[in-house]
Amino acid sequence: MKENKTYWKGIEQLEATPEFQERSAKEFHEYLPINGNEEGDPTRRDFLKMMGFGMAAVSLAACEAPVRKAIPYVNKPVDVDPGVANYYASTYSMGNEVCSVVVKTREGRPIKIEGNDLSKVSGGGTTTQMEASVLSLYDEQRIQSPKIDGQDTSWDELDNRIKAELASNTGKTVIVSYSNCSPSTQRAIDVLSTKYGNVEWVQYDPVSMSGTLDAYETATGNRAYPVHDFSKAKTIVSFDADFLGNWPNQTSNNRQFASTRKLDDNKKEMSRLYSFESNLSLTGSNADYRDPIKPSQQGLYIANLYNLLAQKAGVSTVSTSSVDNSVVLEKAANDLWNSKASSIVISGSNDSNVQQIVIAINDLLGAYGTTIDNSKSNNTRKGSDSAFSNFVNELKQGQVGGVVFYNCNPVYDHPLGGEISSNVSKAKTSISTSDRNDETTAISKYLAPDHHYLESWNDFEPVTGQLSLSQPTISNIFDTRQAQESFLRWGENSDSYYDFVRAGWSSLATGNFDSFWDKCLHDGVYENGNEGTSSSISVDVASVVSNIVSSSASGTELVVYSNYSIGDGIHANNPWLQEMPDPITKACWDNYLTVSLKYARENGLDYDPERMVAKLVTVSVNGTSLQVPVIPQPGQADGTVGLALGYGRTNAGKVADNLGVNAYQLVNSTSSGLNYSSNGISISGAEGTYQVAQTQTSQTYAGRETVIQETILKEYQKDPGAGRYRPKISASTGKEHPYAISLWKDHKYDNHHWGMIVDLNSCTGCGTCTIACQTENNIPVVGKQEVLNRREMHWIRIDRYYSSRGDEGRENKEAAAENPEVTFQPMMCQHCNAAPCETVCPVAATTHSTEGLNMMAYNRCVGTRYCANNCPYKVRRFNWFKYHDNAQFGDNLSMNNDLGKMVLNPDVTVRSRGVMEKCSLCVQRIQAGKLQAKKESRRPKDGEITTACVKACPADALTFGDMKDPNSKIYKKLKINELEKGVEAKEQRAYHVLEELRVMPNVWYLTKVRNKDENDKVEA
Amino acid sequence: MLKKVTDLTKKALISAFGFLLVTVVFSQEIPSDEAVIAAGEATFKANCTQCHQIHKKVIGPALAGVYERRSIEWLNAWIRNSQALIASGDEDAIAIYEEYNRTQMTAYPFDDNQIMELLAYIQAETIKGPPVEEVAVAATGTAEGDSVSSSYLTAVIIILVVVLVLALIALVIAVNTLTKYLKEKKDLGEEEEELVNQSFDLMATLKSNSFLGLVVFVFTLIVLKTLIDGAFTIGVQTGYQPTQPIAFSHKIHAGQYEIDCQYCHTGVRKSKSANIPSPNICMNCHTQVKTESEEIQKIYAAIDYDPSTQTYGTNTKPIEWVRIHNLPDLAYFNHSQHVDVAEIECQTCHGPIEEMEVVYQYSNLTMGWCINCHRETDVNTKGNEYYNKLVKLHSERSKEPMKVEDIGGLECAKCHY
């Protein structure tokens, strides 16, 4: 399999132009004045001047040490000990996403979000946005006090004015919010409606699932999205449904899906994922078979799938036209029929008719009751497109007297936002409770800023029967008030929201309420035993099929999508997320039009990946025109272009404003709901160029292609070592394994020997580890220009490799990029036992520890960068600038203002200019774990010491542990054999990247296994 | 035969019962076992010294002979919850409460054993009697001894120098006399005359290249040495003794009253920082003690406490102590590792803190100082299962005790990350 495969990181590598080859041989892509400047070499006098100045500066600086203060608490809280972290269970809730988390606080400051292992809903993982959300707490852009018409005011004044206006309101009062799954919030709004009457609550979702919900309402009578369990699925077929990327409960989807992909001696079966989609998504990247289709074809494909299955089931088929190429579809149908009830078919369409066929297919397969539980619903999506457009109409007609925008931003994130903006003045009262400035607060008369979720009490029921509590982990930083408490005040209820939530829970307690409450607060989650009731399903397939607009449009179609960092745009002002490279395109700080390579060639939209220069085009949809750069994207379905949501903010703060364009404007708002794809778009002219910052090619392996080792399931079942590359080197004794021969005296480990496994088969590429690491290790944000200079600082990056069959070369480029396979490989410092970086450091700033870690002493580093040059993995990152307390890096919010700095981890140094840095395997966590064990006179237990990336990984793809501990997971997984010269893994799938170099890393990779058939004619 | 056996059993039973009885009776007696007294001393020093001494009335009464004044049951009740005892109307309790200005004694949830240990310690101390000023005398004695020996050494050196100078003078006189005598002699050979008449040209010697070279070399060495020494003191603040906003004396609290360090520095066993105590710890005693003192008034001002009404206001202002021990941010130091795991005395690094009226930086806190200690110090492995394997492996290779250095205590990432 390996022999006839080509791996490539980007198009430029596939082309392999002489220029690329020349550049890839260099470490630094830009000109470096190493051998003198343009005016000539620096003179001896210059050197002496610098020396003299340096000496003077040092001696002056050393004259007097600054007086530092030590300020204790006035009254120390019992539970807070300076220097000791406290952990509180709480619930992440921003936008419509809800997830149980554990918040790490230091001296009363939340500094890290981690998953809550007790949660059955999330499974203990997090997402990039959850990890990054702690920085949004310390954002100076938050609204710092209540306001009336833009002027600061007091809460009393605000309450009196609002109460008077609501009481005299003759029209409707409408509360607009994202989907709400908080029972107590529901009760608080009920208080408001009871008080004023004629209160309507309109819920919507930035990325609407209204069509799906409507379909379920038609099919079951219950407008709810049922719980999908991917862990029970043997065959998953996704039609543009990015369940690994932006679907409700993404963390759990990742965990469940990854659990079906794990392989060991006892489990040699895995699920198979089919993906039919237009843009290359995370789900598509992880698919075993992927078929690029146009969005207008989706309904047709689904109807054809129904027919294929109906034939097998002996049910009557429906009349529909057939698809052009049904090879993959037929294969999918066969697999679905074989796995029957252990199947899931999902679609990302917002068309109720399409979704009804999907329901019919799942019903036909018998998925309800096994993989899909329709007795329980996922309550994080409730939005209704028709209710929302109805509200906008009423607003236009002046029937709405008061409108409360409860923590939502429809002016920005709804295609009808423009109409709200121009008609909001028709409502006498407009209130926004958003905790930060956004496009909607700009048009609201009253601002009643809510607490951040880390300052709030709340409860949620994200899934039927599964409750999750939210508790404040810091008292409110600004003069804000919890929105629900505002509703209670306006509804003349003087309870605090805390008491109000507790009162709501009083009926759940069986024994003593206080101890019950404390337990729930401690755990963060509670199951109330509500099993729900399943409802029967009936779909009139024949009639819905006829409703599907089957277009055979020949024009180019636009698909807007939400990406994996910025998502729907709520987090746009978070620089960590802005700088996170998109897992697929590896671009950050912008949105851009992804097009197929063929389209780019035909329209002269060539892209220069080396200089990252893209052509600018104007995209017009229904009269709205936007100017965007174009990136040719392998895997993009021919005839489609993609554009990410969440950018183009105008009032979100200094980080987000004016980055990219607002793709919500291009979403079609039709009578039947929102449509995230549009045909009949026009793309005109390459009017200029634009630089898009990408991290894609800045680290290359220069053709050493064995970094990814993969096989297919059947091969693995025959030989667990299938796909492995086993290098041999010539020695005096003949061909030997590289590790058999050494010049070095190898390290011996008495105590611990830390190591990590990366399971390439489980990694879905989501990027949560990157952000978790950034939060944990105080990694700076360098800004777009520095990313363009290839100086991003992330300690763990996810390398994305495309692979395709066929010969390398220009003529095959388009064919190869039409639908490539994708592999994600998290890459961080490999902590080599014979580390090449250690031997070249002239000042011994990087050395090896007795526990297997490759250590980096920043204060010793003089910045020669020899280590980075000598690192075969290119994981060492150099601080070209002082990124903290530097106005030139104002986007680096966590290090450039007093508020932002509160997020820094006090146990990790903030590095300064001129030093090298890299993954430390979270040595601060290792040290803390060891100390805890020593204090308790015991050895550390496996699992209690873990790194930030391992803890965050929703797919459980990373394993960290002590390779000396026979009870550890890593020891058992690798089947460790301790040899004289280091450690050997008996697990056949385990390999070291670049094994032939004999650097003997402590990070192991497990081969990627694709669930493809042998001799398969379908090249996916 | 059978009878014998039964008798034996009987006897055994009786003696066992008797033993039990004896134990029961004696359990009410205050033990005098060394270990028990030591345990009592630890408990006493950690909890009681803030307010009590054995032979001296401090905040609370002197405790010498308290086990004779009160019953053990009464003491148990009092220690565990004095307020409850007072509320129950116990006359003795009320009398003490009134005598000591209605100062509430903190309730300590000690078990019977701990209280017996305490009493054992108090009994032992009572029997010893009040400490005589002997210790101080002895200390002065040694100090005097030291100064005598050092002045003796100086005297010896001075005498030696004087003797040497005298010898030199004598030699010069002898040479001069001899030269004079030889000059007067006429019957000398040419060579001999030359030898006698040669004169020492000082200027020529001073101007000679070799001499100048030597001087420049020595001078350069001295300058370099001074510079290097100077450079090593940059940022080193040994002896740094800033004036603090409140004249708190460790000499009184830690020295005179022997209050355990942890009573105030609560974080020292659980956290990386030992913690500067917050005023609520001060107020455990200073609601009653020295309330009129100007320095204590500063605490009241910080926490907005009105001693006349004993109420707290809201206008608080944290006390800004001047930080004495400043480690650079790039170094990670953890108190609990050293105090709890390694069981190192505070004084090892902080010096004789119990003698400091105003605290100063005792150690130089340089990396060399850290490293040196890690090279010399044995790892405190006793009873700590974490180290078992390491100790075993170490003892196979070496006869020396296991130093911190041997288990990676000199590695960069132990302190720098």
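Residues numbered from 1 in each chain as written. Chains lettered and ligands numbered in written order. Predicted model: local features only at pLDDT ≥ 70, side-chain atom pairs only at ≥ 80, totals over all residues.

Caption draft 1: Just the overall build of chain B, in detail. A count of helices and strands for chain B gives 19 helices and 3 strands. Burial statistics for chain B: of 417 residues in total, 17% are counted as buried. Pairs at least 24 apart in sequence give 65% of the contacts found in chain B among residues at least 6 apart. (Helix = DSSP H or I, 4+ residues; strand = E, 2+ residues; numbered from the N terminus. Buried ≥ 20, exposed ≤ 12 C-beta atoms within 10 Å, placed from the backbone. Contact = placed C-beta atoms within 7 Å.)

Caption draft 2: Up close: the overall build of chain A. A count of helical and extended segments in chain A gives 31 helices and 48 strands. Counting only C-alpha atoms, chain A reaches 90 × 75 × 65 Å along its principal axes. With 1020 residues in all, chain A has 56% of them scored as buried. Counting contacts in chain A only where the partners sit at least 6 residues apart, residues at least 24 apart contribute 74% of the total.

Caption draft 3: The confidence of the model for chain A, seen in detail. Mean pLDDT over chain A: 89, with 93% of residues reaching 70 or higher. Within the model, pLDDT remains below 50 along residues 1015-1020 of chain A, and this stretch shows 9 contacts once partners closer than five positions in the same chain are excluded. (pLDDT = per-residue confidence, 0-100.)

Caption draft 4: Local environment of the interface of chain A and chain B. If you look at the interface, chain A gives 40 residues, while chain B gives 46 residues. Looking at the side of chain A that touches chain B, the elements that each hand over two or more residues are β2 (69-70) and α29 (923-935) of chain A. Among the elements that take part in the side of chain A that touches chain B, α29 of chain A stands out by supplying 6 residues, more than any other. Here the side of chain A that touches chain B is built from residues that sort into 18 nonpolar, 11 polar and 11 charged. As defined by bridge partners, β2 of chain A adjoins strand β3 (residues 321-322) of chain B across 2 bridges and the pair is classed as antiparallel. Among the inter-strand pairings, Lys69 of chain A is bridged to a residue of β3 of chain B, identified as Val322 of chain B. (Nonpolar A, V, L, I, M, F, W, Y, C, P; charged D, E, K, R; others polar. Pairing = 2+ DSSP bridges.)

Caption draft 5: Representation of the sheet that holds strand β9 (residues 199-204) of chain A within the structure. Residue and element names in this part refer to chain A. The sheet built from 7 strands is open, its strands ordered β7-β6-β18-β17-β16-β8-β9 with mixed pairing. Two strands close off the open sheet at either side, each with one partner strand: β7 (151-152) and β9. The pairing of strand β8 (residues 172-178) with β9 spans 6 bridges and is parallel. Across the sheet, the residue bridging to Tyr178 is Tyr204, located in β9. Strands β6 (147-148), β8, β16 (400-406), β17 (429-432) and β18 (446-447) of the sheet are contacted by helix α5 (residues 155-167), whose axis makes an angle of about 135° with β17. Packed onto the sheet, helix α13 (residues 385-396) meets β8, β9 and β16 and runs at close to 130° relative to β9. (Axes fitted to C-alpha atoms, helices over the stretch in contact; angles between N-to-C directions.)

Caption draft 6: Representation of the nonpolar core in the model. Ranked by internal contacts, the top residues of the largest apolar core, which has 266 residues, are Val176, Leu305, Ile357, Ile361, Val560, Val630 and Cys949 of chain A. The residues touching Ile357 of chain A, leaving out its near neighbours within four places in the chain, are Ile302, Ala303, Tyr306, Val541, Val544 and Val545 of chain A. Grouped together as the second largest cluster of nonpolar side chains are 15 residues, Ile30, Cys48, Tyr121 and Ile122 of chain B included. (Core = buried A, V, L, I, M, F, W, Y, C linked by C-beta atoms within 7 Å.)

Caption draft 7: Spotlight on the packing of helix α2 (residues 34-47) of chain B against helix α7 (residues 112-128) of chain B. All names here are of chain B. Where α2 contacts α7, the axes come no closer than 7 Å and their chain directions differ by 100°. Taken together, the axes of α2 and α7 lie roughly perpendicular to each other. Facing Val36, Ile37, Ala39, Gly40, Glu41, Thr43 and Phe44 of α2, the residues of α7 in contact are Gln114, Glu117, Leu118, Ala120, Tyr121 and Ala124. Classifying every residue of the contact of α2 with α7 by side-chain character gives 8 nonpolar, 3 polar and 2 charged. (Parallel < 35°, antiparallel > 145°, perpendicular 65-115°, else oblique.)

Caption draft 8: Quick peek at helix α6 (residues 183-196) of chain A. Residue and element names in this part refer to chain A. With 14 residues, α6 should reach 20 Å at 1.5 Å per residue; the first-to-last C-alpha distance of 20 Å fits that figure. Elements that come into contact with the buried residues of α6 comprise β8, β9, β19 (458-463), α16 (483-490) and α17 (497-505). Of the residues trailing α6, Gly197 is marked for its positive phi of about 65°. (Expected span 1.5 Å × (residues − 1).)

Caption draft 9: Region of the structure containing unusual backbone geometry. Residue and element names in this part refer to chain A. A positive phi is found at Asn249, a non-glycine position, where the angle reads about 55°. Among the secondary structure elements, Asn249 is positioned in the loop between β11 (235-239) and α8 (250-259). One non-glycine residue with positive phi stands out, namely Lys340, at about 40°. Note that Lys340 resides in the loop between α11 (327-339) and β14 (343-347).

Caption draft 10: Molecular detail of the sheet that holds strand β43 (residues 958-962) of chain A. All names here are of chain A. Across the sheet, which stays open at both edges, the 4 strands sit in the order β43-β36-β47-β46 with mixed pairing between neighbours. Bordering the open sheet on either side are β43 and β46 (990-991), each of which pairs with just one other strand. Strand direction decides the pairing type here: strand β36 (residues 754-759) and strand β47 (residues 1003-1006), joined by 4 bridges, are parallel. Bridging from a neighbouring strand, Met756 pairs with Val1003 of β47.

Caption draft 11: Region of interest: the pairing of strand β25 (residues 613-621) of chain A. Residue and element names in this part refer to chain A. In terms of strand pairing, β25 meets strand β26 (residues 624-632) through 6 bridges, oriented antiparallel. Counterpart to Val619 in the pairing with β26 is Leu626. The antiparallel pairing of β25 with β26 creates a hairpin that spans 2 residues between the two strands, and Asn622 there sits at a positive phi of about 45°.

Caption draft 12: Representation of the environment of Ile299 of chain B. All names here are of chain B. The topology assignment puts Ile299 in helix α15 (residues 294-303). Distance from Ile299 to Val268, taken between C-alpha atoms, is 23 Å for residues 31 residues apart in sequence. Excluding residues that lie within four positions of it along the chain, Ile299 makes contacts with Ile246, Pro279, Cys282 and His286.

Caption draft 13: Structural detail: the environment of Tyr412 of chain A. All names here are of chain A. If you trace the backbone, Tyr412 turns up in helix α14 (residues 410-413). The exposure class assigned to Tyr412 is buried, which follows from the 26 C-beta atoms found within 10 Å. Separated by 235 residues in the primary sequence, Tyr412 and Tyr647 have C-alpha atoms spaced 9.8 Å apart. If sequence neighbours within four positions are ignored, Tyr412 has contacts with Gly417, Asp438, Glu439, Thr440, Gly569, Arg649, Asn662 and Tyr664.

Caption draft 14: Region of the structure containing α13 of chain A. Residue and element names in this part refer to chain A. The first and last C-alpha atoms of α13 sit 17 Å apart over 12 residues, in line with the 16 Å expected at 1.5 Å per residue. Among all positions of α13, only Asp385, Phe388, Ser389, Phe391, Val392, Glu394 and Leu395 are buried. Looking at the residues trailing α13, positive phi occurs at Gly398, about 80°.

Caption draft 15: Broad picture of the pairing of β11 of chain A. Residue and element names in this part refer to chain A. Of all the 5 residues making up β11, 5 are buried; the element is thus mostly covered by neighbouring parts of the structure. Residues Thr235, Val237 and Phe239 line one face of β11 and the alternating positions Ile236 and Ser238 line the opposite face, and both faces are buried. Alignment of β11 against strand β12 (residues 272-277), held across 5 bridges, turns out to be parallel. Counted as the bridge partner of Ser238 is Ser275 from β12. Bridge count for β11 against β14 is 5 bridges, and the pairing is parallel. Each residue of the ladder has a partner; that of Ser238, found in β14, is Ile346.

Caption draft 16: Highlighting the environment of Val165 of chain B. Topologically, Val165 of chain B is positioned in helix α8 (residues 134-184). Put simply, Val165 of chain B and Gly313 of chain B are 148 residues apart on the chain and 77 Å apart in space, counted from C-alpha to C-alpha.

Caption draft 17: Looking closely at the confidence of the model for chain B. Residues and elements named next belong to chain B. On average, residues of chain B score 83 in pLDDT, and 88% of them reach the 70 mark or higher. Considering only residues more than four positions removed or in separate chains, one finds that residues 15-27, a stretch of pLDDT under 50, has 0 contacts. The low-confidence segment residues 133-147, where pLDDT is below 50, has 0 contacts with residues more than four positions distant or belonging to other chains. Here the predicted complex carries an ipTM of 0.85, next to a pTM of 0.83.

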